[in-house]
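Coordinates in review
Listed here are the chains, written in short residue letters.
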Amino acid sequence: MEESRKYILFTLHGQAYAVDAQYVISIERLQQITEVPQTKEFIRGVTEIRDETTAIIDLRIALSLTTTENTNDTRILVITLEGMQIGLIVDAVTEVLDINSNNIEDAPSIISGVQATYLEGVAKVNEQLILLLDIAKMLDMEDKEGLKEVLQ
């Protein structure tokens, strides 16, 4: 029997990405973010979402993509990871999609560098290639400790 999981699809620089829906709490409009000094560049700061202080990460910077201007479509994908509520800034959230495991391939070996370690695989859905991010691998221990400090 084919196993399928729900993914939240979003775009960064016109490329389709997805994260496992089990991590996602909500999708929010971009809001005021309070900067926190002496944090990594991709940690934009904190904001309050649903009565909880939330660290905000610019996913474009975290994935070494060039930043773009925020638009009306820019969203914060609110996730939980190791007991922390984290917001990921993305260009736009497009849909929720069930993806069968047999539609997912390992990331091609030609993709190298930092970004490849963040990929769970590549899904082919309706002639579209979707990069599946492994959120748990995206943040190393140092990053997680930094986020915990920001949230205290």
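Relevant structure appears above.
Here we summarise the structure given alongside this text. (Residues numbered from 1 in each chain as written. Predicted model: local features only at pLDDT ≥ 70, side-chain atom pairs only at ≥ 80, totals over all residues. Heavy atoms only, no water.)

Details of the packing of aromatic side chains
Within the structure shown, the criterion is met by 1 aromatic pair. Arranged with centres 5.9 Å apart and planes meeting at 10°, the rings of Phe10 and Tyr17 form a pair that is stacked. For Phe10, a relative accessible area of 0% gives the class buried. Classification of Tyr17 by relative accessible area gives buried; the value is 3%. (Phe/Tyr/Trp six-rings, centres within 6.5 Å; stacked < 30°, edge-to-face > 60°. Buried < 20%, exposed > 50% of the residue type's maximum accessible area, 1.4 Å probe, protein only.)

Section: the sheet that holds strand β5 (residues 52-58)
If you walk across this open sheet you meet the 5 strands as β3-β6-β7-β5-β4, and the pairing is mixed. The open sheet is flanked by β3 (24-29) and β4 (43-49), the only strands paired with a single partner. The sheet shows a mean angle of 30° between the axes of neighbouring strands, direction not considered. (Pairing = 2+ DSSP bridges. Helix = DSSP H or I, 4+ residues; strand = E, 2+ residues; numbered from the N terminus. Axes fitted to C-alpha atoms, helices over the stretch in contact; angles between N-to-C directions.)

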